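Structural overview for review
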Amino acid sequence: MTEALDIAALSGVEQLRLGLSGGFVAPIARTVGFDLTEVEEGRVAFEAVPTTAVYNPLGSVHGGWIATVLDSACGCVVHSTLRPGQTYTTLELKTVFHKALSAGTPVRAEGRIVQAGRRTAFAEADLRGLDGRLYATATSTCLVMEL
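This structure is a prediction, so every number in the text was calculated from the model and none was measured. (Residues numbered from 1 in each chain as written. Predicted model: local features only at pLDDT ≥ 70, side-chain atom pairs only at ≥ 80, totals over all residues. Heavy atoms only, no water.)

Here T68 shows up in helix α3 (residues 63-79). By relative accessible area, T68 is classed as partly exposed at 26%. Discounting chain neighbours no more than four positions away, the residues touching T68 are I28 and V32. (Helix = DSSP H or I, 4+ residues; strand = E, 2+ residues; numbered from the N terminus. Buried < 20%, exposed > 50% of the residue type's maximum accessible area, 1.4 Å probe, protein only. Contact = heavy atoms within 4.5 Å.)

Let's shift gears to the pattern of salt bridges. Scanning the model with the defined rule gives ten salt bridges in all. A salt bridge links R108 to E110, with the nearest nitrogen and oxygen atoms 3.5 Å apart. Exposure class is identical for R108 and E110. Each is buried. R112 is the salt-bridge partner of D126, the closest N and O atoms lying 3.2 Å from each other. Pair noted here: D126 is in strand β5 (residues 120-129) and R112 is in strand β4 (residues 107-116), with a separation of 14 residues, a long-range link. Overall, the relative accessible area of 12% leaves D126 in the buried class. One salt-bridge network, in which partners are shared between bridges, spans E38, E40, R43, E47, R108 and E110. (Salt bridge = Lys/Arg side-chain N within 4 Å of Asp/Glu carboxyl O.)

Below, the structure is given as structure tokens:
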């Protein structure tokens, strides 16, 4: 008989790698339409192709969609630094929109840890087209807690 996997006993990077291998996909990834494609401690990447379903009234990708993808990149990169028995929550997210994004444009969001301390962690992320064009950036402050 196989025992159930104790997720809480895994480090954050181990939990994310489990998701990368298809063991668990966060419901928001399905809802928003992005995939975790790379995970290492202190760096993660997501890829997505927005559709017209996420357009704003002006005819471009809604800033909320972009912010959600960048928030996920910032949050997951903080997650990648957690020890077993830790969790986190976002305290602040700042998003800067550099260029309008159109449906059908493949994008990649890369999150990097700036600093991870005992109680707080700071992350940054950028959203670029596969051609390198910069669409948006974000910074995030997270509170790290013991379970």
